[in-house]
Every structure is written in structure tokens, then in C-alpha cells.
Amino acid sequence: MKLIQLSEIDSSMIDLVGGKATGLGEMIKAGERVPDGFCLTVESYKSRYLPEKELIDAYERLGGGRVAVRSSATAEDLPDASFAGQQDTYLNVEGAGPLIDAVRKCWDSLYTERAVAYRAAVGIDDAAMAVVVQRMIDPAVAGVMFTANPITGCRTEMVVDAAPGLGTAVVDGTVVPDHYVVGHQAPAVRNGDGCLGKEQLEGLRDAGRRLQEHFGSPQDIEWAIDADGTLWLLQSRPVTTLFPAPPDTGDTRIYLEFGHIQGMLRPTTPMGVSLLKTGSGMWFKAMGARIDPRDPLPRLVPIGGRLYFDLTDFARNKSMRKRLRTSLEVYGPRVQGAVERMLDDPRFAPRRGLPFRPGNAAKMTLRLAPGAVFGLVRSLARPDDARVMAYRALDEIRRQTAPPTEPATSAERLRWVIEDSHAAVMGPAMMRLVWPLLTGMLVGVAPSGLLKGVAAEDELDIVLGGMPHNVTTEMDLALWRLAVNAREHGDLFLTTPLEELAGKHRAGELPDIGMADFLDRYGMRAAAEIDVGMPRWEEDPAPLFAAIANYLRVDDPEQAPDRRFEQAADKAEKMIETLSRRARRTRPVRGRLATFFMRRSRKLTGLREIGKFAWLPALQAARRQLLLTGDDLASRGLLERADDIMFLDLFEARSAVHDGVDHRNLVAARRAEYERELRRPAVPGALLSDGTDVEALAPQEPMEDGVLTGMAGAAGRATGRARVIRDPAGAHIEPGEILVAPTTDPGWTPLFMTTAGLVTETGSPVAHGPTVAREYGIPAVICVRNATHRIKTGQLITIDGTAGTVRVEEDG
């Protein structure tokens, strides 16, 4: 079948007629007014045979005259890839010869440079081209309508852009269109002297609502109104850029993205969310709280695979909302400002009642308070003993995290993951570790208040440099020592592909540089390591070999990571002496107290990473057991492969193990959604239940030319070439370059050791990235919106980690 009428097309035929034709056929079937036409299917394109006679006959049956010849690729108008403007359309085509030429040009547009690059960017390998031929409409006015606001994400608003004449002027951006924002339910309001009247706007709104309901998602619609006032619909495709909406609760709610603090913006697997909630629920239960076993943390809501905290009840509580402003500082100025604006919104006006169960709070306070007071005081009085106790607790947690004895059944493995995997890390040993950790964090920030007006922020940052006893820093320096061992085999590690090096390591074919011992200690780590669905370094050490290759490029001894760390530690000790003398001259009591805290900080603040590190053995062991269970389910035909289990939650995995439920279709859909979300360039820091990105409501701040503003992360200035990296796996960075990344967690920190500075799009001053940057003595600027898109690799930039600015330099 090479030619088919649009009225005969439905959604099952996308592989034959492409995305645009499928949308047109579905609109006709839904009863909408669509210009008459036909489709030349992909069979013709694939055979490279154009049936000219049949094409001309169909054109004449259409009535001849002027037609629109429109591309309709199989990879077009998809839920996650619009391909807007990537292939060609030709209007006002008239006559047999021009029609044939236009069809061939549509075919050729499938392989223009822009179309090929777009397919590569959205992960589509290949496509085929169908061509739509439709009768031309002579519009008095035309344009585009989005049934959800594409800027803010709000699902209760439609946005209409309109201009006189053909709608291509609006689509191509060659005119300044009239712009309308229309509520889904509210009466349409005409905007001044615009080209659309109230009735026309209401007709568009009604059509948009019908199409959104028909297709099941917000739509991007092209439309035209002719001289008789008739509305014609020319195209409908999913709005691909919207962040997924929160679950419908029937109430307006506000959500805060959890990963900003953890340095993790990639989506979390369903199993990762499920185990995180189940494991955390064990702790709350041990503290006497009542929890729902199916959802122990109901306020932690997965949206678009990211973890959001439902802040609504706290925002509506009169006493809690006063404290929110301070607690939100760790999210950075953009998110903090966005949420503060929402506190003035009538929808979040204070209400009666507490955002938690008073009984739960009382029980937890009674259980925690005595140990907290004793633990904090003892850590402050005897920091060396407290640190030893923390490391002993860490070793105890690792020993107690013991999987079921082999041979074990899948049921036994899954029971252990659900009931026992987190028992040690959520038990008494963890509490012995937590108090030294919290003491370290408190003494790390206390000098800032005591020395206000005496010490500058960048001086206090220096005090935190070269901080000992940080497990992440120790890991990075251990990796540097592997690179030192690898120097005599430099060519091998610099020129061999990373996957080949990983394979040779697994086969025992590499020189012994200490990698096996390193993986025994740190093989449980990875980027986005709080997600049990993420492969660990023990499974795939390729990122470690990439880091080693980066270290081998360091040829200046003063830039060696261990030397830089020593220099940062020396500067910290000298700064403590300087600030101590200065403070005692002007504020003797405060000066002595600040000095005491700075000294204690050098003994305890490095422990801030140990809590998460103590959690990793449980995740590593649970992942191993889940993969073995997944392998068994795959052998029974219930999954395609072992790691499919990471796209189920614990209850779904149990239904497969115990009841033989086949989850392969569910897994395929979730894996495809996960892959789409991996490509998402930005994640809202704060989100309303109607899908509104709260930051998008903020007025644009004035900007100095060439200067990007963020937030101070680690003090200092650096100038260097930018290296934009979106995934640390296999990343290449030259010594002295400035790393520009969406975010960072401990899996990124091996890259820090040879960089001149750090720029991230999200983060918090207390997050992993800025903390490690301070310890290495490199400047960091965080919360720079869209930094990985506004800065290009190779650009010369200057970052000021005290002012929180990034300047793109003129490269003369």
C-alpha cells in the first residue's frame, strides 16, 4: 500500500504513514475539521520508487489546485520527540511536476544535517519518510496552541499564538505573534486589539480540550481560521518538553526536588524509590512512628523519576512556614525565592493543624533526645574517641549486612532485601555514627556566626580546606595513588578504550596497580549511588579507568591531587591561626570559642560523608540479591533480563516471585520512560500539583553581559577553559580546565582532583560537590541556571566562588 486517504488512517499505522499523518487521521476520526488529503506511505520511500501516476491521480481526485506537501517521518510527532521543523514542508504547491519535486524534497529532508543531529540527540537511530498531501487553506489568521503552558508547565492554562495569514510565520518565528493565555475552565478573555476575538479563543480552547482528551496528553496544535470564520486543525502532536505532572490529589500542592541536595538529577529507578522508602521506614518504625508498610514515606513522591518532598502541609502551618525560609537556604537562591513567593499565594495560606502526627513526634523525641545530648557532648569533648567510635560503627554495619546463606531461593533473597538488608544501617550502630557526624557539621558552621564582621566568608572556606577524615576525599586520593602506580604503563591506560580496560581487569589481564584492593573498599560506589538500580563500580570500573587517564595527564607536580590537598590543609591551619589572633584582639570570648570550634572542625567535620558511606553496603548487597532474583525471573520468562527487576518496585517483584506475574510489558514501558527522562536537560527545583515549575514564574533578573550568576559554593577565583560534562562515566577532562556539570555527587568527585574549578546548575553549599571542592581548595559556583547549555566546552571562563559568578571571557 503506497497511497492511503487521511480518513482511513489511525494510530496503529504510525510505522506505515509516520507521525504527522497518524495525528491527522486520528483528528478526523475524532470528528475534527481537517483539510482533505492523502498520504504517500513509507513503502514508497523505502523502495525509492515514486509512483508518479498514482500520485498525480490522487492529486486530481483531491481537486488539483494548490496543496500543502508535508513530511511525515516515522520518528516525528512522538511523545518524547516532536521533530518540530526538522523535516521540510512545502506550501502552495500546484501542478503535477512541482508536486513530484516537493515529494522528493520531503524525502531528502530526512537526512539533512539538522534532522540527523536531532535524531542522534533524542536517541533515535533511523527513520523512514511518508509524505502528506493536503488541500491548502487560505487563512485569515493562523497559529499554534499548546493545551498546557509550555513555559511554566501549568496544565490548567492553554497558550495561543496567532498572526494574520499563514501560520508558518508563527512556527518559524518570523513575526511577533499575538499571545494569549487561556484557562481550561475560565471564560476566554481577549487580549487588547489582538487578531482573535473572544468566540474564536473559546472555539480554540474547546478544540484543544477535545484533542487533549482524545490523545490523552497535552497537545501542540497548529490551526487556521479562514475568511468565513471556519476553524481548521492542521496538526496535533504531544507537547514533548513538559516535565511530568505530579499525581492528582484533588488539592493544590507544592513539591520540593530532593536530588538537588544529594547532587543527583538523573531519574531514580522504581526499585531505587521502593527500597529507599522501605529502608527509611525501618528507621521511623524503630523510633516508634506509625508507618504504612506499602508507602513508609508518603511525602516523598516520585515525579518524572525524581524524588520530590511534599512541602504543602509545612507551608500551610503558621509556625513551620516561618522556619522554611531559613531551611531552604541549602537549596540555593532560585529555589528558595520560588518557594518564598508561593508562601504569599492564597492557595498556601495558613491552616489549622500540624503537618505530622504529634504522637509520632513525641515518641521519636523521647527516644532520640537522651542519646543526642550525650552523643553531641561526648563528641565535642573527646573528638578523637568519637571519630574512632564512628569508624567502628561503620565496620560493624558492614559486618552485620549479611545476605542469605547460599544456596538461596528468589523468595528468600527478596525477603532479605525487604526485611533485613537495611536492618544494620537503620539500627543502633548508625546512631553511634550519627552523633559525631552531626557534631562535625555543627562545629563546621559555628565559626561563621561567631566571627561575623571579623572573618570574610572566603577566609572561613579556607578553614574547611584539606579537611581530613572524609571518606570521599580518601577515596579520591586512593584513586590518585592507582594512577601513580599506572605511570609505567601510561600508554596502555591512556590509549586503550575504557570498556576494553574494564574487560581486561575482569579477566585479570592488566598490570596490578591496586585496582582489586580499591574495589574491595570502594566498589560499592557509583554516580547516583543512592539508587539501587545503578551499576556499582565493582560491576563496571570503566569510570575509574577514565579518572586514572585524566590523572596521568597531570605533568606539573604542584597540581598533583595529593599535593593540592596538602596545600589546602596547610592554608587551613595558617588561616585558623590568623583568625584566632584577629578575633581575640576584638572579641576575646567569641574569639576563643570560634578557635575551639575551628580546631574541633578539623577533627570531626570530615565525617559528614560517612553517613551515606555507611548506607552503601546495604545498597550493594541488596543490588546483588535483586540481580540474582531478576536472573531467576528472566529464566522463567517473567522478565527479559536480570536488571529488568530494577524497573519494578518491591511489591511487584514479590508478585513475580510468588505468583508468577509476568511484568515484561510493564518493565518495557518504564524502561522507555526512564530513557526519555535521562535525556531531560533540566529538572524543576519546585513544582506545583498543576505541573507549574515555580521558578519559571519568577521575573527575569537583570544580567551583566557575559556574566552568569549563581551561588557561592567554595571560595576562590579561577580562569580556565570550560569542560561541559553531563555524565561522569568515561568523562575526559584536562588539568586546569573548569568542570561545568548539571550537578555532582561523590561519583563525580574523582574529576575534581585535576580541575581548576567547578560550576553546577544545582546544588547546595552543604552538598557533596561544594564540600569536596572546598577540601581540595578549588573554587565552586553552584545553582547557575542552564550552565551546561549557556557555557560551551573550550570557552574561556572566570569563576568567582565567593561572589557566585561565572564570566565568559572574550577569547582574543
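Only a predicted model underlies this, so the values are computations on that prediction, with no experimental measurement involved.

Caption draft 1: Spotlight on empty space enclosed by the protein. Under the definition given, this model contains four cavities of 30 Å³ or more. If you trace the largest cavity, you find it lined by Trp537, Pro543, Leu544, Ala546, Ala547, Pro728, Ala731, Gly747, Trp748, Pro750 and Leu751. For the lining of the largest cavity, a count of residues per class yields ten nonpolar, one polar and no charged. Considered as a void within the structure, the second largest cavity measures approximately 60 Å³ in volume. Considering the residues around the second largest cavity, the lining is formed by eleven residues, among which Glu257, Gly259, Met264, Thr268 and Leu307 are closest to the centre. A breakdown of the residues in the lining of the second largest cavity according to their chemical character gives four nonpolar, four polar and three charged.

Caption draft 2: Quick peek at the side chain of threonine 269. Turning to its location among the elements, threonine 269 is positioned in the loop between α8 (259-262) and α9 (270-286). Relative accessible area serves as the criterion here: at 2%, threonine 269 is assigned to the buried category. Beyond its immediate stretch of four places on either side in the chain, threonine 269 contacts Asp531, Gly533, Met646, Phe647 and Tyr674.

Caption draft 3: Structural context of the pattern of salt bridges. As enumerated under the stated definition, the model contains 45 salt bridges in all. When the shortest N-O distance is used, the salt bridge between arginine 664 and glutamate 640 registers 3.9 Å. Taken as a pair, arginine 664 in helix α27 (residues 664-678) and glutamate 640 in the loop between α25 (610-635) and α26 (650-659) lie far apart in primary sequence, 24 residues in all. Looking at arginine 664, the relative accessible area reads 33%, which means it is partly exposed. Between aspartate 644 and arginine 671 there is a salt bridge, and its shortest N-O distance comes to 2.6 Å. Here aspartate 644 is found in the loop between α25 and α26, whereas its partner arginine 671 is found in helix α27, with 27 residues between them in sequence.

Caption draft 4: Fine view of the sheet that holds strand β14 (residues 686-688). Read across the sheet, four strands follow the order β12-β13-β11-β14 without closing on themselves; strand pairing throughout is antiparallel. With partners counted over all chains shown, the strands left at the sheet margins are β12 (300-303) and β14, one partner each. When strand polarity is set aside, the average angle formed by the axes of neighbouring strands in this sheet is 35°. Inspection of the sheet shows strand β11 (residues 254-257) paired to β14 by three bridges, in the antiparallel sense. In the strand pairing of β14, isoleucine 254 is matched with leucine 688.

Caption draft 5: Geometry of the packing of helix α14 (residues 383-400) against helix α24 (residues 588-604). Interhelical geometry of α14 versus α24 gives an angle of 25° and a closest axis separation of 9 Å. Judged on the interaxial angle alone, α24 and α14 are roughly parallel. In the crossing of α14 with α24, the sense of the turn from one axis to the other is right-handed. Residues Pro383, Asp384, Ala386 and Arg387 of α14 pack against Arg600, Lys603 and Leu604 of α24. Here the residues of the contact of α14 with α24 are counted per class, giving three nonpolar, no polar and four charged.

Criteria and thresholds
Residues numbered from 1 in each chain as written. Predicted model: local features only at pLDDT ≥ 70, side-chain atom pairs only at ≥ 80, totals over all residues. Heavy atoms only, no water. 1 Å grid on protein atoms, 1.4 Å probe; cavity = no way out; pocket = protein on both sides within 12 Å on 5 of 7 lines; lining within 4 Å. Points joined across faces, edges and corners; volume = space filled by probe spheres on them. Nonpolar A, V, L, I, M, F, W, Y, C, P; charged D, E, K, R; others polar. Helix = DSSP H or I, 4+ residues; strand = E, 2+ residues; numbered from the N terminus. Buried < 20%, exposed > 50% of the residue type's maximum accessible area, 1.4 Å probe, protein only. Contact = heavy atoms within 4.5 Å. Salt bridge = Lys/Arg side-chain N within 4 Å of Asp/Glu carboxyl O. Pairing = 2+ DSSP bridges. Axes fitted to C-alpha atoms, helices over the stretch in contact; angles between N-to-C directions. Parallel < 35°, antiparallel > 145°, perpendicular 65-115°, else oblique. Left-handed = near helix turned anticlockwise from the far one by under 90°.

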